[in-house]
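# Observations on the model geometry
Here are the chains, one letter per residue:
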Amino acid sequence: MALLQISEPGESTLPHQHRLAVGIDLGTTNSLVATVRHGFPTVLSDEDARALVPSVVHYAPDATTVGYAAKALQTNDPRNTIASVKRLMGRGFVDARALPDAGYCLVDTPGMVSVKTAQGVKSPVEVSADILKFLHARATASLGDELVGAVITVPAYFDEAQRQATKDAAQLAGLNVLRLLNEPTAAAIAYGLDNADNIAKEGVFAVYDLGGGTFDVSILKLSKGVFEVLSTHGDTALGGDDFDHRVYCWILEQANLIGLHANLSTQDVRLLQSKSRWAKEHLTTNGVVSIRATLSDEHQVNLMLSQAQFFEMTKTLVDKTIGVLDEALAQAHVSSSDLQGVVMVGGATRMVHVQRAVAAHVACPVLNDLDPDQVVALGAAMQANLLAGNRSDDDWLLLDVIPLSLGVETMGGLTEKIIPRNSTLPLARAQEFTTFKDGQTAMALHVVQGERELVSECRSLARFELRGIPPMVAGAARVRVTYQVDADGLLTVSAREINSGVSAEITVKPSYGLSDNDIAKMLTDGNSHAKDDMQARAWREVLVDAQRIVLAVNSAISEDGELLTEDERSDLLKHIKIIDDLIQANDVSQADALRAASDGLAHASEEFAARRMDKAIAHALAGQSIDTL
Ligand code: ADP
Ligand code: MG
């Protein structure tokens, strides 16, 4: 018999209101939506109990199809079937064209690349929005339409443009984004690394995420229940698909189709590709699989592939992932013996030899008991549940990381880093700058991203101007430049002259178009050019100083030249000439010589400066205010 519940007088009879929120893993290959029900995170499935939604959208003139149904149309209508759209998010046409051919037609549209479909030109944001709408509909079908909002996951290396594009897509899909969350952080949450009994509450974890087309490693540090991303590293062109491709090539070879390859129809290629994927997935649980196919010219493929053969042909891919893991550890300045655990994420980590290779490489537990396809969505659901206001006692704070340093251009085309790469979000950092010239009333601020010392080698994010600075002598204005990055990784830059209070601000709507490979390249360039950059930087710094002194002495000569003897004047001009010649030669290895020359000019003009000061004082004593001089 059920007991009737009676409420306290004055208390609501309604049960504790649970606010509904979902977590969404918007993946390159597959997407999922999950929620927390009765305190437990669960994925939401379709009528056939399938949780995964292939991230594929098909556009017919009058209908949009998403998921398995769209994937089924891919072979027959590749031009209108958009897969892996995540790779195009926030990308320009040139970057997108460099990606492997996806079978559909890319269009060069301003800002971000687009795709031509039977429904007209679609931007990656719109295509992603269609996937999100599908997941949104699944959520409301099972939860009702009182959805408070969603947490959507993004790769930790996503830059501002890619994050903004993801948010735009969610908005188009009618979702309220509670926040964007880094995928590895979501996986760590799903494993409850902070409150698991068997694992220390402090420690460093690696998240190893091998998806369909991408591979990422993130090193997370957990202390006092707070996750911090120490580093992220990856390969944007390495994933389960590459394993399929090795099998595909093996089939062509074994079935004597190599010579015929050029003649294979698109249909045959797709058929063999899907057989390859099928074989790979089945070799996870079977020692051997048989691969059979009938090609359009009646050619028969009939092959047996063993697990051992498969491991052998894909060993180099696995080795590559281990190399990336080591590099991520090195970037985070931790060694593999510091690791408390490795979290396995992504469908491709099911492969037995991947599991083995990781386990053999580290001395800590390999965490793989949650479904690797679902773990990101489950963690996102837990975070969404918290943000929707269903907090429990053991809630946690989350810290994410920015992938590239953010800086400002200073005199001489140098980058001053305001926020170093891998800083945790959200955060704000400020630095003071001053004017270069007397009477300067405006300042051009140039916001850049990257690791290089020279602005020309970094990526330009935005430019804006601070105007209305009261005229002052060079160096007297105090301009405070603040960089603020919110929890979603979006940047706002503000500048304020402290004496006068004039200010200007810009929210960086970064120009779309930085690819993951660009990020990787900017990072490696930063490392490999570190020495050259230091030299170039040293030169530019001295150069700016030298130019300032020359400017000051020249203007003093033209104002108070009568205070100098002919000899003194020509001595000063000689010093200036030495400096000018060095500047002209522009040899960055001559920074020391330039410094010596400008010190020489400074020294030679000391007496002149003293005389000018005396003259100013004399004027003041004659009844003039020193301010007017
Ligand atoms: P993404 O994060 O890119 O959306 P997923 O995490 O969904 O990708 O991983 C998709 C990849 O996982 C595909 O390459 C798929 O073939 C692979 N995969 C799924 N199940 C298995 C399995 N049982 N064995 C091996 N690979 C698998
Ligand atoms: Mg994924």
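Residues numbered from 1 in each chain as written. Chains lettered and ligands numbered in written order. Predicted model: local features only at pLDDT ≥ 70, side-chain atom pairs only at ≥ 80, totals over all residues. Heavy atoms only, no water.

## Re the overall build of the protein
- Secondary structure summary: the protein contains 16 helices and 30 strands in total.
- Residue pairs at least 24 apart in sequence account for 65% of intrachain contacts in the protein once pairs closer than 6 positions are excluded.
- Total accessible area on the protein is roughly 29,300 Å²; 52% of this is exposed by carbon and sulfur atoms. (Helix = DSSP H or I, 4+ residues; strand = E, 2+ residues; numbered from the N terminus. Contact = heavy atoms within 4.5 Å. Areas by Shrake-Rupley, 256 points an atom, 1.4 Å probe, with all protein chains shown as cover.)

## Side note on the packing of helix α6 (residues 240–254) against helix α9 (residues 315–331)
- Two elements in contact, α6 and α9, have axes separated by 10 Å at closest approach and are oriented at 160 degrees. The angle between α6 and α9 places the two elements in the roughly antiparallel class. Handedness of the crossing formed by α6 with α9: right-handed. Across the interface between the two elements, D242, F243 and R246 from α6 touch T316, L317 and V318 from α9.
- For the contact of α6 with α9, the class distribution of residues is 3 nonpolar, 1 polar and 2 charged. (Axes fitted to C-alpha atoms, helices over the stretch in contact; angles between N-to-C directions. Parallel < 35°, antiparallel > 145°, perpendicular 65-115°, else oblique. Left-handed = near helix turned anticlockwise from the far one by under 90°. Nonpolar A, V, L, I, M, F, W, Y, C, P; charged D, E, K, R; others polar.)

## Let's talk about empty space enclosed by the protein
- With the rule as written, the count across this model stands at 3 cavities of 30 Å³ or more.
- The computed volume of the largest cavity comes to approximately 100 Å³.
- The wall of the largest cavity is formed by 13 residues, among which L26, G27, K86, M89 and S128 lie closest to the centre.
- Elements supplying a minimum of two residues to the lining of the largest cavity: α3 (124–143) and β11 (147–154).
- Counted by class, the lining of the largest cavity contains 6 nonpolar, 6 polar and 1 charged residues. (1 Å grid on protein atoms, 1.4 Å probe; cavity = no way out; pocket = protein on both sides within 12 Å on 5 of 7 lines; lining within 4 Å. Points joined across faces, edges and corners; volume = space filled by probe spheres on them.)

## Focus on the pattern of salt bridges
- This model, assessed by the stated rule, comprises 24 salt bridges.
- K320 serves as the salt-bridge partner of D235, at 3.9 Å between the closest nitrogen and oxygen. Of this pair, D235 sits in strand β15 (residues 226–235) while K320 is found in helix α9, placing the two residues 85 residues apart along the sequence.
- Judged by relative accessible area, which is 19%, D235 ranks as buried.
- K320 sits in the partly exposed class, given a relative accessible area of 44%.
- Among the ionic pairs, D244 bridges to K280, the shortest N-O distance being 2.8 Å. Of the two residues, D244 is situated in helix α6 and K280 in helix α7 (residues 266–282); the sequence distance between them amounts to 36 residues. (Salt bridge = Lys/Arg side-chain N within 4 Å of Asp/Glu carboxyl O. Buried < 20%, exposed > 50% of the residue type's maximum accessible area, 1.4 Å probe, protein only.)

## Thoughts on the site of ligand 1
- Around ligand 1, a shell composed of 18 residues is seen, among which T29, N30, K280, E281 and T284 lie nearest.
- Take T29: an N or O atom from its main chain is 2.8 Å from an oxygen atom of ligand 1.
- Notes on ligand 1: free accessible area 580 Å², of which the protein chains cover 89%.
- The set of elements that each furnish at least two residues to the shell around ligand 1 consists of α6 and α7.
- Per element, the largest residue contribution to the shell around ligand 1 is 3 residues, and it comes from α7. (Near = heavy atom within 4 Å. Polar contact = N/O pair within 3.5 Å; in protein donor to acceptor, adjacent residues only side chain to side chain.)

## Structural notes on the layout of surface pockets
- Within this model, the largest pocket holds a volume of roughly 1,600 Å³.
- Along its surface, the largest pocket is lined by 46 residues, and S84, D101, A102, D241 and Q273 are the ones closest to its centre.
- Listing elements by their share of the lining of the largest pocket, those giving two or more residues are α2 (93–97), α6, α7 and α12 (516–528).
- By residue class, the composition of the lining of the largest pocket is 16 nonpolar, 17 polar and 13 charged.

## Some words on the packing of aromatic side chains
- On inspection of all chains with the given rule, the structure shows 3 aromatic pairs.
- For the pair Y157 and F158, a centre-to-centre distance of 6.1 Å together with 70 degrees between the ring planes defines the contact as edge-to-face.
- Since its relative accessible area comes to 3%, F158 is described here as buried.
- Taken together, a centroid distance of 6.2 Å and an interplanar angle of 50 degrees make the contact between F310 and F311 tilted. (Phe/Tyr/Trp six-rings, centres within 6.5 Å; stacked < 30°, edge-to-face > 60°.)

## Observations concerning the packing of α6 against α7
- Contact geometry for α6 and α7: axes closest at 8 Å, N-to-C directions at 115 degrees. Taken together, the axes of α6 and α7 lie roughly perpendicular to each other. By crossing handedness, the relation of α6 to α7 is classed as right-handed. Here G240, D241, F243, D244, V247, Y248, I251 and L252 of α6 come into contact with α7, specifically with V269, L272, Q273, S276, R277, A279 and K280.
- In terms of residue class, the contact of α6 with α7 is made up of 8 nonpolar, 3 polar and 4 charged.

## Quick look at helix α10 (residues 352–361)
- Among the residues of α10, H353, V354, Q355 and V358 are the ones counted as buried.
- In this fold, the buried residues of α10 make contact with β13 (203–210), α6, α8 (307–313), α9, β18 (339–345) and β19 (366–367).

## As for the pairing of strand β2 (residues 30–37)
- Extensive coverage of β2 is indicated by the burial of 6 of its 8 residues.
- In this sheet, β2 lies alongside strand β1 (residues 20–26) in antiparallel orientation, the contact comprising 5 bridges. Counted as the bridge partner of V22 is T35 from β2.
- Two successive antiparallel strands, β1 and β2, enclose a turn made up of 3 residues. (Pairing = 2+ DSSP bridges.)

## Observations regarding the environment of I219
- Looking at the element boundaries, I219 is found in strand β14 (residues 215–223).
- Residue classification places I219 among the buried positions, given a relative accessible area of 0%.
- Spatially, the C-alpha atom of I219 lies 6.8 Å from that of A328, the residues being 109 residues apart in sequence.
- In contact with I219, other than residues within four places in its own chain, are V204, F205, A206, E228, V229, L230, S231, A328, L329, A332 and V334.

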